[in-house]
Amino acid sequence: MRIIQYALMLAICWFAAYVARAADVQAPSHAVAGNDVSLPTSGSGNATLFVFGPGTAIKKEVRLGDHVTLPLKRAGRYSAIVNGEQVQFDVAAAAPSDIAFLARPSRVPADRKDVIAGTVFLFDNNHNLVTSPTPVKFDLMVEGGQPQSRHVQSKDGVAYIKLDSGRKAGPAQFVATVGAKSVKRVVEETASDPCNLRIHATPNKDGLTVETDPVKDCAGNPVPDGTIVTITATSPKGRSTVDARIKKGIAKADLPPLQNATVSVAAGVVMGNEIHVGGGM
Amino acid sequence: MKRLGPYVLIALVIVACSWWIVVAQAASDLPKVDLNVNAAGPRPVEDTTEQALQRDYARAWSSMEIALSQNRADVLDADFVGVALDELKDRVNQQQQSGLHTRYVDHGHKLQAVFYSPEGSAVQLRDTVQLEVQYLDGDKVLHSEQRTENYTVVMTAGENRWKVRVLQAAAAQPE
C-alpha cells in the first residue's frame, strides 16, 4: 500500500515538474508589429530564451518569472524557446500607413469603358502587408471633367479597381486614399478616334488643296497633332493617296489637277466624307 | 596530338555528364510546389507565367532554406526582393551573430494564386506548406517539430524571373 502511495507521489511530483517546465515561457495574448511584445515566463533561476521569426533570431539570457520585452517590427509567426520548450505566437501588422499604388496605363483614350486599372498594396510603417480588410478610396479626375470616386475593401492586403476614362482629354489625377494617406498617379487621357471627319477642297494654281475641318473625337476633344489622316483621290486615270499629319488640329494635302475624281478621307478605321471634283459624278 | 584526341573526347563526355547530373540534382532538390491559378483575377494567369511562378517560388524556398541553415545571405538576392529580402537578410545576420541556425525539411507547398494585376507585374498567392523545422544553437538542436504554415505571398516580375517581395506567415484562411 505504502509503495503505491510513494509511486503516486512520485508521479504527481514528476507531472508538476513537467508542467512547470513546459510553462517556462508563454505566448503574449496580443502582439502588434512595431510595439514592444511582452513574453511572460514562469519558474525560477536563469535560462536562455531563443526567439525565431521574420527578420528575427534572438538569443537572450532571462530570469524566469519575469516578463521579457522584445521590440518586434515584423508581422508573422514567431517561435520562442526556453529549456527546449517552444511556444508559437503571431504578431499582427499595425494600421496601414504606406501604400504601393500601381496605376495602368499611363496614356489612355478618352471615353472608354474599364480601361484604367489601379492596384493598391497596403503596408504598415514597418513594411508589413496589412491583411485585415481596410477601406480604400479611388478618385479619378480630369480638370473640367466629371470626377469618379469608388470605395473598395482590401482583401489580403490588396485593393483593385477598374475605371472608365473620362470624356474630357487631359492629365487625369488618379488618387488612392487609405485613412489620411493618399498617393497620386497621373494618367494621360488623350482624344479618342476622330469623329465626323470632314474634308473640303479649294483650287490652287497647281491643282487642288484638300483640307479637313478641325479633327475632334466624339467628345469634342481635339485629336493630337501628328495623327495621320489619309486622303485618297480616285479618278478614271487611277488612284493616288496622301498621308497627311494633323497640324494645329487640321490635316491638309495638295493634289494635282483632277478630272471627274472622288476624294475621300480616313483616319485609322474611321471614314470621313467624300467629295467630287473636276466635273461629272 | 592525335593520340590525345580520344582522351580529350572522353574527358569532355565526363564533364558534360557531371554537369548534367549536377543540374538534374539541383532541379530535383527543389521543394514540391502545386500551384492552382483557377481563382486568380482580374487577369487570367498565362500558362508560361504559371510555370514560371511555380519554378521561381520553389527556387525561392530552396534559397531561403540554404540561407537560414548555412547563414548565407548571398544566396537570397536572385529570388527575393524588397521587404522579403530585407527581412531574410536581417534574420541571417542575427543568426550569424548569435551562432544560431534554422533547418527546414520541406514536404511540399499547396500554392494558390488569388490576385494577378491587370498589367501582369504582380501576383498574390496563398501557400500552405508542410515543414519539419529544426532550430539549432551551434550544433545543438533546441527544438524540432512538424508544422503546417500558411503564408501570404506577393511575387513581382523581375528581369528574368519572378521574385518574392512579401512572404508573411498568416493565420489559416478558410477554403
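Higher on the page you've got the structure.
This report concerns the structure included in the present document. (Residues numbered from 1 in each chain as written. Chains lettered and ligands numbered in written order. Predicted model: local features only at pLDDT ≥ 70, side-chain atom pairs only at ≥ 80, totals over all residues. Heavy atoms only, no water.)

## Focus on the overall build of chain B
1) Next: In terms of regular secondary structure, chain B is built from three helices and five strands.
2) Next: Reading chain B from its N end, one meets helices and strands in the order α-β-α-α-β-β-β-β.
3) Next: The buried share among the 175 residues of chain B stands at 45%.
4) Next: Contacts in chain B between residues at least 24 apart in sequence constitute 56% of all its contacts with a sequence separation of at least 6. (Helix = DSSP H or I, 4+ residues; strand = E, 2+ residues; numbered from the N terminus. Buried < 20%, exposed > 50% of the residue type's maximum accessible area, 1.4 Å probe, protein only. Contact = heavy atoms within 4.5 Å.)

## A few points about helix H2 (residues 47-70) of chain B
1) Next: For H2(B), which comprises 24 residues, the first-to-last C-alpha distance of 35 Å matches the rise-based estimate of 34 Å (1.5 Å per residue) to within 8%.
2) Next: Of the residues flanking the end of H2(B), it is Asn71(B), one or two places downstream, whose phi is positive at about 55°. (Expected span 1.5 Å × (residues − 1).)

## Some remarks on the packing of aromatic side chains
1) Next: A complete count under the given rule lists 11 aromatic pairs over all chains for this structure.
2) Next: Between Phe101(A) and Phe174(A) the ring centres are 5.1 Å apart and the planes differ by 70°, which places this aromatic pair in the edge-to-face class. Of this pair, Phe101(A) sits in strand S7 (residues 98-104) while Phe174(A) sits in strand S13 (residues 170-178), and the two are 73 residues apart along the sequence.
3) Next: According to the relative accessible area criterion, Phe174(A) is buried, its value standing at 0%.
4) Next: Judged by centre distance (6.5 Å) and plane angle (85°), the rings of Phe121(A) and Phe115(B) are edge-to-face. Of this pair, Phe121(A) sits in strand S9 (residues 116-123) while Phe115(B) is found in strand S2 (residues 100-116), placing the two residues in two different chains. For the pair Phe121(A) and Phe115(B), one class covers both residues: buried.
5) Next: An aromatic cluster is built from Tyr57(B), Trp61(B), Tyr104(B) and Tyr151(B), whose rings are joined through pairwise contacts. (Phe/Tyr/Trp six-rings, centres within 6.5 Å; stacked < 30°, edge-to-face > 60°.)

## Regarding the pattern of salt bridges
Residues and elements named next belong to chain B.
1) Next: Tallied over the full model, the rule gives 20 salt bridges over all chains.
2) Next: For Arg 55, the salt bridge identified is with Asp 56, shortest N-O distance 3.0 Å.
3) Next: For Arg 55, a relative accessible area of 36% corresponds to the partly exposed category.
4) Next: The class for Asp 56 is buried, based on a relative accessible area of 0%.
5) Next: Close ionic contact of Asp 79 with Arg 161 constitutes a salt bridge, the shortest N to O distance being 2.6 Å. Within this pair, whereas Asp 79 is found in the loop between H2 and helix H3 (82-98), its partner Arg 161 is found in the loop between strand S4 (140-157) and strand S5 (162-170), the two being separated by 82 residues in sequence. (Salt bridge = Lys/Arg side-chain N within 4 Å of Asp/Glu carboxyl O.)

## Regarding H3(B)
1) Next: Taking 1.5 Å of rise per residue, 17 residues should cover 24 Å, and H3(B) covers 25 Å from first to last C-alpha, within 8% of that figure.
2) Next: Burial in H3(B) covers these residues: Val83(B), Ala84(B), Leu85(B), Glu87(B), Leu88(B), Arg91(B), Val92(B) and Gln95(B).
3) Next: If you follow the buried residues of H3(B), they end up packed against strand S2 (46-53) and strand S3 (56-63) of chain A together with H2, S2, strand S3 (122-137) and S5 of chain B.
4) Next: Just past H3(B), the residue Gly99(B) takes up positive phi, approximately 70°.

## Examining the sheet that holds strand S12 (residues 158-163) of chain A
Residues and elements named next belong to chain A.
1) Next: In spatial order, the strands read S7-S9-S12; together these three strands make up an open sheet with antiparallel pairing. Here the strands that pair on one side only, and so sit at the sheet edges, are S7 and S12. Neighbour-to-neighbour, the strand axes of the sheet open up by a mean angle of 15°, direction not taken into account.
2) Next: Taken together, the seven bridges between S7 and S9 define a ladder with antiparallel strand orientation. By the bridge assignment, Phe 101 is partnered in S9 with Val 120. (Pairing = 2+ DSSP bridges. Axes fitted to C-alpha atoms, helices over the stretch in contact; angles between N-to-C directions.)

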